[in-house]
Amino acid sequence: MQEALTHVIKHVGEGTYCEVTVTADPRGGVRIEVADDGAGNAAVSGRADLKGGHGLVGMREPVMMYAGTLEAGPRAGGGFAVSARLPYGPAHETAPSRQEATE
């Protein structure tokens with residue numbers, strides 16, 4: 001979810017409101033959401049030219065590794081939101097073993 005915060009800095013810039021929420025999911029997991037209001041101006045702030053990052057692919061891979069889900073997209077009132085849900089439990093219960101991953 002660090003990439004989601006980087007997205008706010010790179011693409012939205014100064015003058016935006018960003019909120020990070022972490023909640024226990026009633027289905028037995030944790031939900032992390034990063035949402036911005038899209039009100040910033042990255043071009044004026046000089047942040048529009050920042051390079052690097054892996055975008056949604058870079059966020060999706062580790063979430064999927066732990067049997068989680070990732071949703072991302074524009075918000076109805078403006079801005080953008082990224083939400084990840086990760087199940088509770090030891091990693092060996094949710095992540096495929098190296099042997100399973102190579103078969």
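This text goes with the structure placed above it.
Residues numbered from 1 in each chain as written. Predicted model: local features only at pLDDT ≥ 70, side-chain atom pairs only at ≥ 80, totals over all residues. Heavy atoms only, no water.

Asker: Can you walk me through the sheet that holds strand β4 (residues 80-87) in this structure?
Answerer: Backbone-to-backbone hydrogen bonds join strands into a sheet, with any given pair of strands oriented parallel or antiparallel. The sheet built from 4 strands is open, its strands ordered β1-β2-β4-β3 with antiparallel pairing. Strands with a single pairing partner mark the edges of an open sheet, and in this sheet they are β1 (18-25) and β3 (69-74). Taken pair by pair, the neighbouring strands of this sheet meet at an average axis angle of 10°, ignoring direction. Where β3 lies against β4, 6 bridges are found, and the strand directions are antiparallel. Of the residues in β4, the one forming a bridge with alanine 72 is valine 82. Against the sheet, helix α1 (residues 2-12) engages β1, β2 (29-36) and β4, with an angle of about 5° to β2. Helix-sheet contacts for helix α3 (residues 55-65) involve β3 and β4, and the interaxial angle to β3 is about 155°. (Pairing = 2+ DSSP bridges. Helix = DSSP H or I, 4+ residues; strand = E, 2+ residues; numbered from the N terminus. Axes fitted to C-alpha atoms, helices over the stretch in contact; angles between N-to-C directions. Contact = heavy atoms within 4.5 Å.)

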